[in-house]
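Tertiary structure, described
Take a look at the letters that make up each chain.
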Amino acid sequence: MTNDRKEDVRCFCCGETSEQSVLSRSSQLGVRDIDLRSGMMPSTMGSWLQECPNCGYVAADLAKGDERDRLFVQTEKYAALCELPQFSRRSSRFLLRAAIELAREDFERAFDSTLCAAGDADDCNLSDIARGLRKIASRYLAGRPLTVDLRVSLLDVLRRVSDWAAAAALAVELMGENLGHPHAAIVCFQLGRIEARDDRCYTLSQVLRSNHDPEASNDDAEHLEHVVHVLGRLKRR
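An account of the accompanying structure is given in this report. Not measured: the values here are computed from a predicted model.

**As for the overall build of the protein chain**
Within the protein chain one finds ten helices and four strands. Residue burial in the protein chain is summarised as follows: out of 237 residues, 44% are buried. Once local pairs closer than 6 in sequence are excluded, the contacts in the protein chain between residues at least 24 apart make up 56%.

Structure, rendered in structure tokens:
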């Protein structure tokens with residue numbers, strides 16, 4: 001049960017007014033996956049983006065945008081994207097938003113939007129589609145300078161698509177840095193999951209409760225020994 005409300009919103013791109021769902025503040029509090037995406041409640045995913053019924057523009061707030069958005073939404077390419085087959089309306093909105101962000105050359109936001117579509121595919125039990133979307137998302141960040149948050153997110157994506165070599169290399173790189181909390185705990189946890197060839201989804205709370213969390217462990221020496229052991233095995237592969 002959410003506390004969303006309805007509001008009339010004027011589309012930035014075409015000027016048409018339509019009724020849209022607006023998330024309440026309480027609906028924006030939820031459990032985060034360890035890819036560090038939005039912490040909003042998963043049950044509200046259908047309201048994370050608004051869609052104009054007239055021109056198809058998609059945004060968190062239809063009233064806001066960039067002139068580049070207006071121009072892109074008017075193209076034949078965008079019209080064709082709106083007509084593509086879809087497995088859910090939610091995923092379609094996230095992928096349309098990703099296309100808008102790519103047109104802006106905002107690759108980081110396109111990465112996040114595509115991951116949201118992958119999460120929706122997970123919810124629909126479409127694991128192959130979810131895996132494919134994560135692979136696409138990872139390409140948006142290839143060769144770009146990234147923040148720690150984005151690199152930790154990418155690490156989870158690489159593990160979820162079973163790209164063990166790339167995931168191990170990124171984990172080793174991150175472990176060589178002076179990471180703060182919760183990044184250090186996440187990377188240590190990821191090392192164990194990579195070693196186990198585990199591509200399942202985990203939440204941040206699960207990581208922080210695990211024995212791999214350096215702030216939760218009662219035996220720091222044992223924890224460090226485990227990390228050194230895993231790093232050594234991964235480097236030899």
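**Overview of the environment of Asp-8**
One can find Asp-8 in strand 1 (residues 5–10). Since its relative accessible area comes to 62%, Asp-8 is described here as exposed. It is 10.0 Å that separates the C-alpha atoms of Asp-8 and Ala-63, two residues lying 55 residues apart in sequence. Not counting residues within four places of it along the chain, the set of residues in contact with Asp-8 comprises Thr-17, Ser-18 and Glu-19.

**Section: the side chain of Ser-113**
Relative to the elements of secondary structure, Ser-113 occurs in helix 4 (residues 107–123). Excluding its chain neighbours within four sequence positions, the residues that come into contact with Ser-113 are Phe-94, Arg-97, Ala-98 and Glu-101.

**Re the packing of helix 4 against helix 5 (residues 127–140)**
The geometry of helix 4 relative to helix 5 is characterised by a closest axis approach of 8 Å and an angle of 170° between their N-to-C directions. One element, helix 4, and the other, helix 5, form an angle in the roughly antiparallel class. In contact with Phe-107, Ala-110, Phe-111, Thr-114, Leu-115, Ala-117, Ala-118, Gly-119, Ala-121 and Asp-122 of helix 4, helix 5 contributes Ile-129, Ala-130, Leu-133, Arg-134, Ile-136, Ala-137, Ser-138 and Tyr-140.

Conventions used here
Here the residue numbers are simple positions, counted from 1 along each chain's written sequence. Thresholds applied to this predicted model are a pLDDT of at least 70 for local features of residues and 80 or more for the giving and counting of side-chain atom pairs; totals over whole chains, interfaces and linings are not thresholded and use all residues. Hydrogens and water molecules were not included; the side-chain quantities draw on all heavy atoms of the structure. Think of it this way: any DSSP run of H or I at least four residues long counts as a helix, any run of E at least two long counts as a strand, and we number them from the N terminus. Buried residues are those whose accessible area, probed at 1.4 Å on protein chains only, stays under 20% of the maximum for their type, while exposed residues exceed 50% and partly exposed ones sit between those limits. We call two residues contacting when some pair of their heavy atoms lies within 4.5 Å. Inter-axis angles, ranging from 0 to 180 degrees, are taken between N-to-C directions of lines fitted to C-alpha atoms, where helices are fitted over the stretch in contact. Orientation is classified from the angle alone, with under 35 degrees giving roughly parallel, over 145 giving roughly antiparallel, 65 to 115 giving roughly perpendicular, and any other angle giving oblique.

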